[in-house]
Amino acid sequence: MLRRFQAWQPWLSTASRLFLAGVFILAGWPKLIDADTTVRSVRAFKILPEGLVAPFGYALPLVELAVAALLIAGLFTRVAALITAAMMVMFLGGIIQAWARGLSIECGCFGGTGTLVSDPVPGYIRDILRDVGFLAVALFLARWPRSALAVDRFLQLDPAPSRA
Amino acid sequence: MANARQAKSTREKAAALRLEQERAAARRRNITVAVSTVVVLVVLIGAYALIRTAKNQQDAKNAEASKPPTNLFTTTTGVEGYLYDSAISSTSPSASPSTSPSASGSPSTSASPSGSASTSPSASPSPSATRAATAGKGTAKTTVVVYEDFLCPVCKQFEEADGAALRSYADEGKINLVYRPVAILASRTSTDYSTRAAAAFGAVVNAAPDRVSAFHDALFASQPEEGSAGLPDTQLVDMAVQAGVAKDKIEKDITQGTYKGWATKGTDDFTKKYTGTPTVLINGNQVKSLDAATLKAELDKAIG
């Protein structure tokens, strides 16, 4: 069983990398194209002070796409996975506080407006479950960053297998 | 023999030490590369974000400095919009039969919608019969602000369901009804239709306040779809002309986008407080649910 896991784990990690990269591309690209909407969406969460809303809104999609690029290449996989996990925690925090404060917004997670919706609770639950799923994948990848088809392996940046 | 063993073990120790040092060096190198990559990325992304933010602020400043339309009404909470006045409006078919069918057609079809228990204005003998002397003066103690994006389908539905009821309240002199077009869906058409339509609305307010309601209704009646190119400026000019504005008074302002700054400024102010259209304020307080029954209850409560 353990041996089988060891055989499969690099490929599972590769799948995780590509999955998370896909998520970030699907989430980041529309946010980058429609930057003004992203800024409004960030503002709708009512967390950041006004002065930081715009820089955050403009930077967020680029960070997502940069992490996606690292994940696809398999470069600094553990660092990328940890950044991914941290971002998921941040998104979860944003959604949960919006819910707790009774804001009626759509998350704008995959671009979109962060517009007012009449009954936001099903949306919040769906977004939270989805982000928890992404977080689990990211944590798996952070624990087992050694993966097939990775620049890390080519550059021998992998942690030693015995210690992984 | 013992010497040989000792020598061997020393060699092994040295080899192990060297290996350990190499590993440590490799680890340090990896960390250096990883950290510098992250730092470079952060610097690049940060620079981009700051440049975009600066540009954004410059745009906001330009919008602030741009010329607003004349004939605007400013509410006590500082919203600059168009104050609806049926006395000078051509939306009701009986009030001015000369208006084009496309403009007068949309409000009369809105008499049917769900929920509104109030008497529908077009079914009653004539809106002017119920019209109070104070209507459209901006003197009512209750002010209703309607924020709309002319591209927003929900705004169109809202107008169909509640537009007529709001206007009849205004006709009765119970509310000041203020329209403030915004362009939150600016990026949903390839030609920034939302901003152009809101600016065209401003141009009609500026040129012919008595034609604004007709133009407003015409914009919703021929609303383009999200994701399309939107309607061209020439068509906006035609719609304004059909609504009864003299072409020479409107054409330049619409095609040159004279009031785009006003539209953008309104959008900026709006998005700092609210997240979607339509948004309706009663005396500055947002109405949470816009179904006809809730809106009517909120209005009656505010009017007292």
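Residues numbered from 1 in each chain as written. Chains lettered and ligands numbered in written order. Predicted model: local features only at pLDDT ≥ 70, side-chain atom pairs only at ≥ 80, totals over all residues. Heavy atoms only, no water.

Undergrad: What is the right way to read the overall build of chain A from this model?
TA: Scanning chain A for helices and strands turns up 6 helices and 0 strands. The secondary structure elements of chain A, listed N-terminal to C-terminal, are α-α-α-α-α-α. Residue burial in chain A is summarised as follows: out of 164 residues, 49% are buried. When contacts within chain A are restricted to residue pairs at least 6 apart in sequence, long-range pairs at least 24 apart make up 72% of them. Accessible surface computed for chain A: about 8100 Å², of which carbon and sulfur atoms make up 71%. (Helix = DSSP H or I, 4+ residues; strand = E, 2+ residues; numbered from the N terminus. Buried < 20%, exposed > 50% of the residue type's maximum accessible area, 1.4 Å probe, protein only. Contact = heavy atoms within 4.5 Å. Areas by Shrake-Rupley, 256 points an atom, 1.4 Å probe, with all protein chains shown as cover.)

Undergrad: I tried to follow the interface of chain A and chain B on my own but got confused; where do I start?
TA: The interface is formed by 29 residues belonging to chain A together with 26 residues belonging to chain B. Both faces combined, the contact of chain A with chain B buries some 2200 Å², and carbon together with sulfur accounts for 64% of it. The interface formed by chain A and chain B holds 0 salt bridges in total. Our count for the chain A to chain B interface comes out at 2 residue pairs in polar contact (both at pLDDT 80 or more). Mapped onto the side of chain A that touches chain B, the elements with two or more residues apiece are helix H2 (35–44) and helix H3 (50–73) of chain A. Broken down by element, the side of chain A that touches chain B gets its largest block of residues, 8 residues, from H3(A). (Buried area = accessible area lost by both parts, 1.4 Å probe. Salt bridge = Lys/Arg side-chain N within 4 Å of Asp/Glu carboxyl O. Polar contact = N/O pair within 3.5 Å; in protein donor to acceptor, adjacent residues only side chain to side chain.)

Undergrad: Explain the nonpolar core to me, please; I cannot follow it from the model alone.
TA: Among soluble globular proteins, nonpolar side chains are generally buried collectively. If you look at the biggest cluster of nonpolar residues, it comprises 60 residues, and the most contacted ones within it are Val144(B), Leu166(B), Ile175(B), Leu177(B), Ile250(B) and Leu299(B). At 9 residues, helix H5 (residues 193–207) of chain B tops the list of elements feeding residues into this core. Here Leu299(B) is in contact with Val144(B), Leu166(B), Tyr169(B), Ile175(B) and Ile282(B), once residues within four sequence places are set aside. By size, the runner-up hydrophobic cluster in this structure holds 31 residues, among which are Phe45(A), Leu70(A), Leu71(A) and Ala98(A). (Core = buried A, V, L, I, M, F, W, Y, C linked by side-chain atoms within 4.5 Å.)

Undergrad: Looking at this structure, I do not really get H2(A). What am I missing?
TA: What sets the pattern is the α-helix's 3.6 residues per turn: residues three or four places apart point alike. All names here are of chain A. With 9 of 10 residues buried, H2 is to be regarded as a mostly interior element. Considered for burial, the residues of H2 that qualify are Ala35, Thr37, Thr38, Val39, Arg40, Ser41, Val42, Arg43 and Ala44. Of the residues trailing H2, lysine 46 is marked for its positive phi of about 55°.

Undergrad: It is not clear to me how the environment of Ala68(A) should be interpreted in this structure. Could you clarify?
TA: Residues and elements named next belong to chain A. Within the element layout of this structure, alanine 68 appears in helix H3. The class for alanine 68 is buried, based on a relative accessible area of 1%. For the pair alanine 68 and arginine 17, spaced 51 residues apart in sequence, the C-alpha separation works out to 8.5 Å. In this structure, alanine 68 is in contact with Ala21, Phe24 and Ile25, ignoring residues within four places of it in sequence.

Undergrad: Help me understand the side chain of Ser194(B) in this model?
TA: All names here are of chain B. Its location among the elements puts serine 194 in helix H5. Within polar-contact distance, the side chain of serine 194 engages the side chain of aspartate 149 at 2.7 Å. In contact with serine 194, not counting residues within four places along its chain, are Asp149, Leu151, Ala183, Leu185, Ala186 and Thr189.

Undergrad: Whenever I open this one, the packing of aromatic side chains confuses me. Can you help?
TA: What characterises a pair of aromatic rings is the spacing of the ring centres plus the angle enclosed by the ring planes. All names here are of chain A. Across all of its chains, the model carries 10 aromatic pairs over all chains by this definition. Relative to tryptophan 144, the ring of phenylalanine 5 has its centre 5.2 Å away and its plane inclined at 75°; by these criteria the two rings are edge-to-face. Here phenylalanine 5, found in helix H1 (residues 2–33), pairs with tryptophan 144, found in the loop between helix H5 (121–143) and helix H6 (151–154); they are 139 residues apart in sequence, far enough to count as distant. The class of tryptophan 144 is partly exposed, set by a relative accessible area of 25%. (Phe/Tyr/Trp six-rings, centres within 6.5 Å; stacked < 30°, edge-to-face > 60°.)

Undergrad: I'm lost on H1(A) in this one. Help?
TA: The end-to-end C-alpha separation of H1(A) is 45 Å, in line with the 46 Å expected for 32 residues at 1.5 Å each. For H1(A), the principal kink sits at Trp8(A) and spans about 45°; a proline, Pro10(A), occurs within the next four residues. (Expected span 1.5 Å × (residues − 1). Bend = angle between axes of the 7 residues up to and from the residue.)

Undergrad: Quick question: what am I supposed to make of the packing of helix H4 (residues 153–171) of chain B against helix H6 (residues 212–221) of chain B here?
TA: A pair of packed helices is characterised by two quantities: the angle between their axes and the separation of those axes. Residue and element names in this part refer to chain B. One way to put it is that H4 packs onto H6 with a least axis distance of 10 Å and a crossing angle of 150°. What the angle tells us is that H4 and H6 run roughly antiparallel. Here H4 and H6 pass one another in a crossing that is left-handed. Each of Cys155, Lys156, Glu159 and Arg167 in H4 lies in contact with H6, whose residues at this interface are Ser213, His216, Asp217, Phe220 and Ala221. (Axes fitted to C-alpha atoms, helices over the stretch in contact; angles between N-to-C directions. Parallel < 35°, antiparallel > 145°, perpendicular 65-115°, else oblique. Left-handed = near helix turned anticlockwise from the far one by under 90°.)

Undergrad: Quick question: what am I supposed to make of the pairing of strand S4 (residues 175–181) of chain B here?
TA: For a regular strand, the rule is simple: side chains alternate between the two faces of the sheet. All names here are of chain B. Of all 7 residues in S4, 7 are buried, a share of seventy percent or more. Here S4 shows no split at all, with Ile175, Leu177, Tyr179 and Pro181 on one side and Asn176, Val178 and Arg180 on the other all buried. As paired strands, strand S3 (residues 142–148) and S4 are joined by 7 bridges and run parallel to one another. Within the sheet, the bridge partner assigned to threonine 142 lies in S4 and is isoleucine 175. Once you follow S3 into H4 and on to S4, the crossover reads as right-handed. (Pairing = 2+ DSSP bridges. Right-handed = clockwise from strand over helix to strand, strands pointing away.)

Undergrad: Help me understand the pairing of strand S5 (residues 279–282) of chain B, please; the structure alone is not making it clear to me.
TA: Residues and elements named next belong to chain B. Where burial is concerned, the two faces of S5 agree: the one with Thr279 and Leu281 and the one with Val280 and Ile282 are both buried. Note: S3 against S5, 4 bridges, orientation antiparallel. Bridge pairing in S5 links valine 144 to isoleucine 282. Bridge analysis of S5 against strand S6 (residues 285–286) gives 2 bridges, and the strand direction is antiparallel.

Undergrad: Before we go on, may I ask you to explain the sheet that holds S3(B) in this structure?
TA: What holds strands together in a sheet is hydrogen bonding between their backbones, with the strands either parallel or antiparallel. All names here are of chain B. On the basis of which strands lie adjacent, the open sheet formed by 6 strands has the order S1-S2-S4-S3-S5-S6 and mixed pairing. Here the strands that pair on one side only, and so sit at the sheet edges, are strand S1 (73–74) and S6. Sheet contacts for helix H9 (residues 260–273): strand S2 (80–83), S3, S4 and S5; angle to S4, the most-contacted strand, approximately 105°.

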